[in-house]
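Commentary on secondary and tertiary structure
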Amino acid sequence: MRGNNIMGIIFANLHEDLVSSLTDVRIMGAVPFGGKYRLIDFPLSNMVNSGINKVGVLTKSNYQSIMDHLGTGKAWDLSRKQGGLFILPPFTNSNDYSNRITTLNSILPFLQNSTQEYVVISDCDTVCNIDFQDVCRKHLENNADITLVYKRDVLPEKLHAPAVLSFDRNGKVIDVLITNNVEGSCSFYMNMLFIKRELLIELVNKCVSKNTLNFKRDILQVEYKNLSVYGYEFKGFSQVITSMNDYFNANMALMESEVRADLFNSDHPIYTKVRDDMPTKYGLGSKVRNSLIANGCTIEGEVENSVLFKGVHIGKGTKVSNCVIMQDTKVGANSSLSYIIVDKDVTIGDEKTLMGTLSYPPYYSKGSVV
Amino acid sequence: MYPKQEVVAMLLAGGQGSRLGVLTQKLAKPAVPFGGKYRIIDFPLSNCVNSGIDAVGVLTQYQPLVLNEYIGNGQPWDLDSNNSGVSVLSPYQQVKGADWYSGTANAIYQNINYIDRYNPDYVVILSGDHIYKMDYSKMIAAHKENNADCTIAVIDVPLAEASRFGIMNTNPDGSIYEFEEKPAKPKSTNASMGIYVFSYDKLRKYLIEDEEDQNSTHDFGKDVLPKMLNDGLRMFAYQFQGYWKDVGTIDSLWESNMDLLDPNVPLDLTDESWKIYSRNPVVPPQYISDSATVQNSLIADGCSISGSVDFSVLFSNVVVKKGAVVQDSIIMPGSVIEEGAVVQYAIVSENTVIGKNAVIGARPETIEDKDKWGIAVIGDNLKIGDGAKIAPKTMVSENVEGVDE
């Protein structure tokens, strides 16, 4: 179904400091992931697959790579006359994109001019495949004002200002703690919420007028007492990227068939920009095991437990194990790579040995030559 | 009124391709999958775009659904411009009656209105059954330089094979003085590639005359070109060098796919300057599991491989399960090779399931009577039962029951 009564807002430009090397040349939403995707493909595809056909992408700076990736939105079916994709950089220097509330305040005209009744707001640094229709259904069932998507798990170590939720027996939020200090499993907010558009505008206006500008502290922690705020537990695969280790592990999780089946559910596919690569060529004598490989690669050596993005070349006699190698990187002959993250367009010569460890996978920056 | 286009291309895509048997039962030959992610028509369409031709008419007739849907608005090839792009031209009903396309020349004749809109100087006639990369703009430049009325692309073929082709005999300046259709004793080895450039004023005149000729079969090769030559028009051969293959038979389709695996074959699909575009399915990257061995093969996104794949071309979303063997074969999108199945020297069409321990085709060295050996072909959306055996050179168009073991 398309053209429902929901619009989407994606924060594409946040938490960059947690993976500062990956975001040196791009914003969070443009971070490559999983062989052919960028992180923003996940929230964007989730919204489109949920029937949302108007999405605003908020970005504060360095948005060249995300603009290049999103283009007109065609790949997500968001190049439309009704609705479609809206990239929303600051209008002037005076627009304040430094926190969620002032950012939303800067796009108030966009929110006010929209006709959809509801808004889904999502960050872009969680990889998951979620059906917002189902969130909407629960929201209406509960007659809620706000529905917060949460996950029940051990708190990711470096998660920025986590909101830990408690519920009554009906799933209504009865407490919101902002803390990193929780033992064992808890219900933490995944930075995705469902709200009436008019209510969102009202809350933003209220916060701005009172100069209380922390979304979690001044909206979530305050309003659960006044409004009917419910939780929606997301039970599928998800991984939030809060460190290079998370990033590495999220890529490696794709080797598990259950994770692939959940994340790349063919009924809710993840869309991305098309590049017209030819299929991948496996050379004579190539050995590939337990790896996720995108089109356009040429593999003449050995690859195991690795993710290869589009257009990667692995030369003869080269061994690659437990690596994430981004698009168009060329590795020469007789080299040995293990536990490393290699960005786009890197050239690694012949007979090089590059080693890292699971706890500290070294990173090679975009365009570098080794 | 449309802005003038110097060149309009007309792509003849109505052929049935009956020699491809089950592969063209439900779709026209140009829509047959090729090379792990393409369809044959991607090659002429991409050649057009890369040659700077923005107006392309695709003439369809036989089983057009898949082809129409595939071409769509032409966006994957950048053929969705405001005033030009790709147009699918099917036979239609006119005031004086309705007619199928009765020959290649008649098909173009019936679409003179389409060509007229662009007021072109030149028209390129192409067919949708060859795999090649060619810069038509160079051929058009040669056409202009020769001040020609018609230019025919030719390729040098081995003398022994020349009698299978239409042969163009030329003067030293490249002008054609004689056509020989499949000559028993060829005088030269310049085989026509079925690619023609015409000056449109001449083409238009001859198409109208040909249509009025009761004795004509309305075919370019048999009627229009010989008449032009007879009338003394300036006709030139344009020598093409590079990879060119007719994929009109099972054997040639199989060979041409296998050519992509041969580093010595000059058909580079990785060349950034001459990309072959196609409609891309929305699928995740391919996954090669712990138990897989993959060598010398071409594998597309969306595949999941746990068995052994050797010298093969696998299209998107193919699943090769543990213990299955795929050798020297082509597996089209969405097909599943179950555990223990062995597929050798075969073409498996789309969305077919090859059951557990089934045996499809065989290696030539295992067959004593070489006449009985050939590529086995399995049609689309079929189920080949567990343990079933499909002999080489067979063509399967219906489900096959399993065999109790």
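Within each chain, residue numbers correspond to sequence positions counted from 1 in written order. Just so you know, chain letters begin at A and ligand numbers begin at 1, following the order they were written in. Note on the predicted model: pLDDT of at least 70 is required for a residue's local features to be given, and 80 or more for side-chain atom pairs to be given and counted; whole-chain, interface and lining totals, by contrast, use all residues. Side-chain metrics in this entry use all non-hydrogen atoms of the structure; hydrogen atoms and water are not considered.

1. Here we look at the environment of B:Lys187
All names here are of chain B. A run of DSSP states H or I qualifies as a helix once it reaches four residues; a run of E qualifies as a strand once it reaches two. Both are numbered from the N-terminal end. Examined against the element boundaries, lysine 187 turns out to sit in the loop between strand E12 (176-181) and strand E13 (190-199). The buried label goes to any residue with under 20% of its type's maximum accessible area, the exposed label to any with over 50%, and the partly exposed label to all in between, with areas taken from a 1.4 Å probe on protein chains only. Residue classification places lysine 187 among the exposed positions, given a relative accessible area of 54%. Here the alpha-carbon distance between lysine 187 and leucine 267, two residues 80 residues apart in the chain, equals 29 Å. When sequence neighbours within four positions are dropped, the list of residues in contact with lysine 187 reads Asn169, Glu178 and Glu180. Contacts are assigned to residue pairs with any non-hydrogen atoms lying within 4.5 Å of each other.

2. Some points on helix H6 (residues 197-210) of chain A
All names here are of chain A. Each residue after the first adds 1.5 Å to the expected span of a helix. With 14 residues, H6 should reach 20 Å at 1.5 Å per residue; the first-to-last C-alpha distance of 20 Å fits that figure. Listing the buried residues of H6 in full gives Arg197, Leu199, Leu200, Ile201, Leu203, Val204 and Cys207. Downstream of H6 by a residue or two, asparagine 211 has a phi angle that is positive, lying close to 55 degrees.

3. A look at the domain arrangement of chain A
All names here are of chain A. For the domain bounds, the source is a domain assignment made automatically or taken from a database. Partitioning chain A into domains gives domain 1 (3-263) and domain 2 (281-364). Relative to domain 2, the C-alpha centre of domain 1 lies at a distance of 33 Å. At the junction of the two partners, domain 1 supplies 20 residues and domain 2 supplies 24 residues. Accessible area that two parts lose when put together, evaluated with a 1.4 Å probe and summed over both, is termed the buried area. Of all residues in domain 1, the largest losses of buried area upon contact with domain 2 belong to Gly35, Phe248 and Met255, amounting jointly to 36% of the total for that side. Any carboxyl oxygen of Asp or Glu within 4 Å of a side-chain nitrogen of Lys or Arg constitutes a salt bridge here. One can count 1 salt bridge joining domain 1 with domain 2. Close ionic contact of arginine 26 with aspartate 343 constitutes a salt bridge, the shortest N to O distance being 2.8 Å. Under the rule applied, a polar contact is a pair of N or O atoms within 3.5 Å (in protein, one hydrogen donor and one hydrogen acceptor; residues adjacent in sequence only if both atoms are side-chain atoms). Remark: the boundary between domain 1 and domain 2 carries 4 residue pairs in polar contact (both at pLDDT 80 or more). Elements supplying a minimum of two residues to the side of domain 1 that touches domain 2: strand E2 (32-33), strand E3 (37-38) and helix H8 (244-253). At 7 residues, the largest contribution of residues to the side of domain 1 that touches domain 2 is made by H8.

4. As for the sheet that holds strand E31 (residues 383-384) of chain B
Only strands that DSSP links by at least two bridges are regarded as paired with each other. Strand order in the open sheet made by the 11 strands is E28(A)-E25(A)-E22(A)-E19(A)-E16(A)-E16(B)-E19(B)-E22(B)-E25(B)-E28(B)-E31(B), with mixed pairing throughout. With partners counted over all chains shown, the strands left at the sheet margins are strand E28 (363-364) of chain A together with E31 of chain B, one partner each. Of the pairings in the sheet, the one linking strand E16 (residues 291-293) of chain A to strand E19 (residues 307-308) of chain A comprises 2 bridges and is parallel in character. If you follow A:Leu292 over to E19(A), its bridge partner there is A:Val307.

5. Section: the interface of chain B and chain A
Taken residue by residue, the interface counts 32 residues in chain B and 32 residues in chain A. Carbon and sulfur atoms supply 51% of the area that chain B and chain A bury against each other, a total of about 2,700 Å² over both sides. Scanning the region where chain B abuts chain A turns up 2 salt bridges. A salt bridge links B:Asp301 to A:Lys36, with the nearest nitrogen and oxygen atoms 3.1 Å apart. Linking chain B with chain A are 22 residue pairs in polar contact (both at pLDDT 80 or more), by the criterion used here. Of all the elements in the fold, those that place two or more residues in the side of chain B that touches chain A are strand E16 (286-288), strand E17 (293-295) and strand E18 (297-299) of chain B. Residue composition of the side of chain B that touches chain A, grouped by class: 17 nonpolar, 11 polar and 4 charged. Sheet topology places strand E14 (residues 280-282) of chain A next to E18(B); 3 bridges connect them, and they run antiparallel. Residue pairing for E18(B): A:Thr280 is matched across the bridge by B:Ile299. Under the grouping applied here, Gly and all other residues not named as nonpolar or charged are polar, the nonpolar ones being Ala, Val, Leu, Ile, Met, Phe, Trp, Tyr, Cys and Pro and the charged ones Asp, Glu, Lys and Arg.

6. Quick word on the packing of helix H6 (residues 200-212) of chain B against helix H7 (residues 220-230) of chain B
In a packed pair of helices, the relevant descriptors are the angle between the two axes and the axis-to-axis distance. Residues and elements named next belong to chain B. The N-to-C vectors of H6 and H7 enclose an angle of 120 degrees; their axes lie 11 Å apart at closest approach. Classified by the angle their axes make, H6 and H7 are oblique. When you trace H6 past H7, the crossing you get is right-handed. Of the residues in H7, those touching H6 at Lys202, Leu203, Tyr206, Leu207, Glu209 and Asp210 are Phe220, Asp223, Val224, Lys227 and Met228. In terms of residue class, the contact of H6 with H7 is made up of 6 nonpolar, no polar and 5 charged. Lines are fitted to the C-alpha atoms to define the axes, a helix being fitted only along its stretch in contact, and any angle between axes, read from their N-to-C directions, falls within 0 to 180 degrees. Throughout this description, any angle smaller than 35 degrees is read as roughly parallel, any larger than 145 degrees as roughly antiparallel, any in the 65 to 115 degree range as roughly perpendicular, and the remainder as oblique. It is the rotation of the near helix from the far one that decides the hand of a crossing: anticlockwise by less than a right angle makes it left-handed, clockwise makes it right-handed.

7. Overview of the confidence of the model for chain B
For chain B, mean pLDDT is 95; residues scoring 70 or higher make up 100% of the total. For this predicted complex, the interface confidence score (ipTM) comes to 0.92, while the overall pTM stands at 0.93. What pLDDT conveys is the predictor's confidence in a given residue, as a value from 0 to 100.

8. Describing the packing of aromatic side chains
Residue and element names in this part refer to chain A. Note on aromatic pairs: the rings of Phe, Tyr and Trp (six-membered ring only in Trp) are paired at centre separations within 6.5 Å, and the planes decide the class, stacked below 30 degrees, edge-to-face beyond 60, tilted for the rest. For the structure shown, the criterion picks out 21 aromatic pairs over all chains. Put simply, the rings of Phe33, Tyr37, Phe42, Tyr247 and Phe264 touch in pairs and so form one group of aromatic residues. Just above the ring of phenylalanine 86 sits the side chain of lysine 54; from NZ or CZ to the centre is 5.2 Å. By definition here, charges over rings are those cases where NZ of Lys or CZ of Arg is within 6 Å of the ring centre and within 35 degrees of the ring normal. Sitting above the plane of the phenylalanine 11 ring, arginine 100 keeps its charged end 5.1 Å from the centroid.

9. A word on empty space enclosed by the protein
Residue and element names in this part refer to chain A. Cavity and pocket criteria rest on a 1 Å grid covering protein atoms alone: a 1.4 Å probe that fits but cannot get out defines a cavity, protein on both sides within 12 Å along at least 5 of 7 lines defines an open pocket, and an atom within 4 Å of a point defines a lining residue. Grid points are joined across faces, edges and corners, and a volume is the space filled by probe spheres set on the points. For the structure on display, the rule yields 2 cavities of 30 Å³ or more. Taken as a whole, the largest cavity spans an internal volume of roughly 60 Å³. Along the walls of the largest cavity sit Phe11, Arg100, Leu104, Ile121, Asp123, Tyr189, Asn191, Leu193 and Phe215, which together make up its complete lining. Counting only elements with at least two residues in the lining of the largest cavity, the list comes to helix H3 (100-106), strand E6 (118-123) and strand E11 (185-196).

10. Describing helix H1 (residues 41-49) of chain A
All names here are of chain A. Of all the 9 residues making up H1, 9 are buried; the element is thus mostly covered by neighbouring parts of the structure. Looking only at H1, the buried set comprises Asp41, Phe42, Pro43, Leu44, Ser45, Asn46, Met47, Val48 and Asn49. Just downstream of H1 lies glycine 51, where phi reads positive at about 90 degrees.

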